[in-house]
Amino acid sequence: MSDFIRRLVSGNKARYKDEALDLELDLAYITDKVIVMGYPATGIEGLYRNRREDAKKFLDHHHGKNYWVFNFCPVRENSYPDSVFEGRVSRYPFPDHHAPPLAILPLVAREIRLWLDGSPDRVAVLHCKAGKGRSGTMACAYLLSLDVAPGAPSLDRSLAEKERAKSRAEQVMNAMPEDEAADVASADGQAGDDPIKHEITDGPDDQAVGHTERPGDSSDSKQEEKTAPVRKDTGNSLSHVLELHTAQRMKRPSSPSKKLKQGVSIPSQRRWLYYWSLVLAHQAPEDFWTTDPVVLARPSPKVRLTQIKVRMHELSGLKTSLVRAVNTFVDTAGLSKKMAATKSSSQVWASLARYDDEFVEALEEWERHTRDEGGNMGVRRKGADQIEGQAFADLVRKGEFDSKKMVRSFARMGTLRDEDIQKEESAADGKIETLLLRPLTGDKWQRIREKIEAEGKLPSEGAVTVESEEASIYSATQALRSDGGVVLDARRELRVKLYLGQVFMGWFWFIPTFHLPHPRGSAEQSATLTLTRKEIDFPVGIGSNIIDVSVSMEWCSEAADVINPPERLGSAEFAKGQGEPSAVAASLQAAAGGEIKEMVEANQAAND
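Residues numbered from 1 in each chain as written. Predicted model: local features only at pLDDT ≥ 70, side-chain atom pairs only at ≥ 80, totals over all residues. Heavy atoms only, no water.

Draft legend 1. The arrangement of the overall build of the protein chain in detail. Tallying secondary structure elements over the protein chain gives 17 helices and 22 strands in all. Within the span of the protein chain, comprising 608 residues, buried residues form 53% of the whole. Sequence separation of at least 24 residues holds for 76% of the intrachain contacts in the protein chain that already meet a minimum separation of 6. Just so you have it, the protein chain exposes about 27000 Å², and 49% of that area is on carbon and sulfur atoms. (Helix = DSSP H or I, 4+ residues; strand = E, 2+ residues; numbered from the N terminus. Buried < 20%, exposed > 50% of the residue type's maximum accessible area, 1.4 Å probe, protein only. Contact = heavy atoms within 4.5 Å. Areas by Shrake-Rupley, 256 points an atom, 1.4 Å probe, with all protein chains shown as cover.)

Shown next as structure tokens:
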């Protein structure tokens, strides 16, 4: 009975049957060296996930002391002492359904390689909660860093004879040209283009992460002039690694007409792997993750997010009534938190959020510290085990950054004027609503400007002959007009979370600098990142009406780099109800639409 429940929870993921040990686990060998599995649980959770004693029994039996466990669960989600696996555990926590701080990818890839290079008998065991998204992202991050393209396990460890025969037959069929496009399904399980479908060759390919428009941009060739070493062509590629992970981690469909579900299916996690591919190929934006002390001493470059344009199908009367009912229920039940200052409860708005600044800065410091001196981003530098007597494990051991909410909002955007909402009708999409979302919250740079101006300390612009600190701030704040948008660190991860009233619609993560023209010049430079619905995370329920989302950004002048982005909301603000709406609204709306699986994911995603 327990195995039946575990199969239901595993869903489309492959399971391992060990007849000798009489075990069935949510576990798969991606390669001979890399294992991905579900969380090793105890108690009630052990009834529907891997039992901890079973996972340990399996690993001890097959690999002795030659395995190392990589745990990506935050303390607030799941935890266990390192002693469970004799101390062979490393933690790199980030929340479920999210993209991580990008610096985690090289740190994980380097530690896995360091461990595996120690002996040909060693294996790396990666797990999160379900053993799919986070674990898959990190497994792919390591595999991408290899000098030779990885292959499937040479030993069909997890397949019974019947499954091996089926696998061989499918390999023959998949080798035929007309079936090449059927290896991986699109994000919603339907046939279509894979959002990540391009090789790393001459430079970044915007289609892999959404379409980016750069007015008058002719700087691509300039970026290629960087002197960083170019990665050799090894036959390894993002598409190859994603397909390998999917083929090994996901359960083969029972019908030939059905498509194989993606292993790493969350678009933002796939976007992160694309960024990592660019870093490995030394094609990342200029000065990204630089080790130049002169550049590091400067303030981080800033961008302005000026507006977010959301295009969506006009809601039917039934869906509009449903949204109103859900919002009324949430308000009446006292489940909502204070939302953005919009005039209508059914208004589309966006929350901007990021990880803890101190946490990301610590991760990036470790990334620089462990980076190979020869420029191989996937190799750990020798003797880089500690920084000032502290190991990386000490950074996460106490749960300082992951025992609480790891991602917090710092700004909101919504429609401010009637003209920000436009309705039109097209033959292709029918009735469409276009909404322009602009900043709703006061930014830190605006508070600084108002304070300085109120104190009357600023000289007139024409009187400035020598650039002082006051002059720099004056220049910066004048460049940032009152309607100029939200100031962001160009190199930092950003989450945009969309709502309709209090109903969660979906979110997406991105890093601005990967979508802006380089190098930054003195003239105004802007770009617009456009993501289709398939490139947005969890666009279920009302979110399924989204057509696309466009994010407009522009570089700030270098004088504005001294301005910090708005502060994140702390625990006190969340306790006072100043955070984001409850995930209950997303669950109710998705459930009403009959989307049970999506309801669970939307509820978890909106809560994370």
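Draft legend 2. Quick peek at the packing of aromatic side chains. Under the definition given, this model contains 19 aromatic pairs. Both rings, one in W272 and one in W509, keep their centres 6.3 Å apart while their planes meet at 80°; by these two values the pair is edge-to-face. Pair noted here: W272 is in helix α8 (residues 267-280) and W509 is in strand β20 (residues 503-510), with a separation of 237 residues, a long-range link. W272 gets classed as buried once you look at its relative accessible area, which sits at 0%. Here the aromatic residues W272, Y275, F288, W289, Y355, W509 and F514 are joined through ring pairs into a cluster of three or more. Note that R354 overlies the ring of F410, its terminal NZ or CZ placed 4.6 Å from the centroid. The positively charged end of R495 is found above the aromatic ring belonging to W507, 5.0 Å away from the centroid. (Phe/Tyr/Trp six-rings, centres within 6.5 Å; stacked < 30°, edge-to-face > 60°. Lys NZ or Arg CZ within 6 Å of the ring centre and 35° of its normal.)

Draft legend 3. The arrangement of the sheet that holds strand β9 (residues 123-127) in detail. Pairing is mixed in the open sheet, where five strands are placed in the order β3-β4-β9-β7-β8. At either margin of the open sheet sits one strand with a lone partner, and together these are β3 (27-29) and β8 (89-91). Averaged over all neighbouring strand pairs, the angle between strand axes comes to 20°, with direction disregarded. Pairing of strand β7 (residues 67-71) with β8, which is carried by three bridges, proceeds in the parallel orientation. Each bridged residue has a counterpart across the sheet, and for F70 the counterpart in β8 is S90. (Pairing = 2+ DSSP bridges. Axes fitted to C-alpha atoms, helices over the stretch in contact; angles between N-to-C directions.)

Draft legend 4. Expanded view of the confidence of the model for the protein chain. For the protein chain, mean pLDDT is 77; residues scoring 70 or higher make up 65% of the total. Within the protein chain, helix α3 (residues 104-116) carries the highest mean pLDDT (98), whereas helix α14 (residues 469-479) carries the lowest (38). Counting contacts from residues 158-162, a segment whose pLDDT is below 50, to residues more than four positions away or on other chains yields seven contacts. Contacts for the low-pLDDT stretch residues 218-228, under 50 throughout, to residues beyond four places or in other chains number 16 contacts. (pLDDT = per-residue confidence, 0-100.)

Draft legend 5. Structural view of the pattern of salt bridges. Counted according to the given criterion, the structure contains 26 salt bridges. Note that D96 is salt-bridged to K129, the shortest N-O span being 3.5 Å. With D96 in the loop between β8 and α3 and K129 in the loop between β9 and α4 (133-144), this residue pair connects regions lying 33 residues apart in the sequence. Both residues of the pair, D96 and K129, belong to the buried class. A salt bridge links D420 to R438; its shortest N-O distance comes to 3.0 Å. Taken together, the positions of D420 in the loop between β15 (407-414) and β16 (421-426) and R438 in strand β17 (residues 430-439) put the pair 18 residues apart, joining distant regions of the chain. R438 carries the same exposure label as D420, and that label is buried. (Salt bridge = Lys/Arg side-chain N within 4 Å of Asp/Glu carboxyl O.)

Draft legend 6. Representation of the pairing of strand β19 (residues 494-500). Burial of β19 is extensive: seven of the seven residues sit out of reach of the surface. Pairing of strand β12 (residues 348-355) with β19 involves six bridges; the strand directions are antiparallel. Following the sheet pairing, L352 is matched in β19 by V496. From the end of β19 to the start of β20, which pair antiparallel, there are two residues, and G501 there has a positive phi angle of about 65°.

Draft legend 7. Fine view of unusual backbone geometry. Between H518 and the following residue, P519, the backbone shows a cis peptide bond with an omega angle of -5°. Along the chain, the position of P519 falls in the loop between β20 and β21 (526-532). The phi dihedral of W289 falls on the positive side, at around 55°, and the residue is not glycine. According to the relative accessible area criterion, W289 is buried, its value standing at 9%. One non-glycine residue, F538, lies in positive phi territory at about 55°.

Draft legend 8. Highlighting the side chain of H282. Assignment of secondary structure puts H282 in the loop between α8 and α9 (293-297). At 3.1 Å, the side chain of H282 forms a polar contact with the backbone oxygen of G375. (Polar contact = N/O pair within 3.5 Å; in protein donor to acceptor, adjacent residues only side chain to side chain.)

Draft legend 9. Examining α8 more closely. Here α8 contains 14 residues, and its C-alpha end-to-end distance of 20 Å stays within 8% of the 20 Å for a straight helix at 1.5 Å per residue. Just past α8, the residue H282 takes up positive phi, approximately 55°. (Expected span 1.5 Å × (residues − 1).)

Draft legend 10. The packing of α3 against helix α11 (residues 357-370), seen in detail. Running from N to C, α3 and α11 cross one another at 45°; their axes reach a closest spacing of 9 Å. As judged from the angle between their axes, α3 and α11 are oblique. Considering how the two elements wind past one another, α3 and α11 form a crossing that is left-handed. In contact with I104, P106, L107 and R110 of α3, α11 contributes L363, W366, E367 and T370. For the contact of α3 with α11, the residue count by class is five nonpolar, one polar and two charged. (Parallel < 35°, antiparallel > 145°, perpendicular 65-115°, else oblique. Left-handed = near helix turned anticlockwise from the far one by under 90°. Nonpolar A, V, L, I, M, F, W, Y, C, P; charged D, E, K, R; others polar.)

Draft legend 11. Inspection of the packing of α4 against α8 at higher detail. Two numbers describe how α4 lies on α8: the axes approach to 10 Å, and their chain directions differ by 15°. The angle between α4 and α8 places the two elements in the roughly parallel class. The two elements α4 and α8 cross, and the hand of that crossing is right-handed. Along its contact with α4, which presents G133, R134, T137, C140, A141 and L144, the element α8 presents Q269, L273, W276, S277 and L280. Its residues assigned to classes, the contact of α4 with α8 shows six nonpolar, four polar and one charged.

Draft legend 12. A look at helix α2 (residues 52-63). Taking 1.5 Å of rise per residue, the twelve residues of α2 would be expected to cover 16 Å, and the 16 Å separating its terminal C-alpha atoms lies within 8% of that figure. Phi turns positive, to about 55°, at G64, one or two residues after α2.

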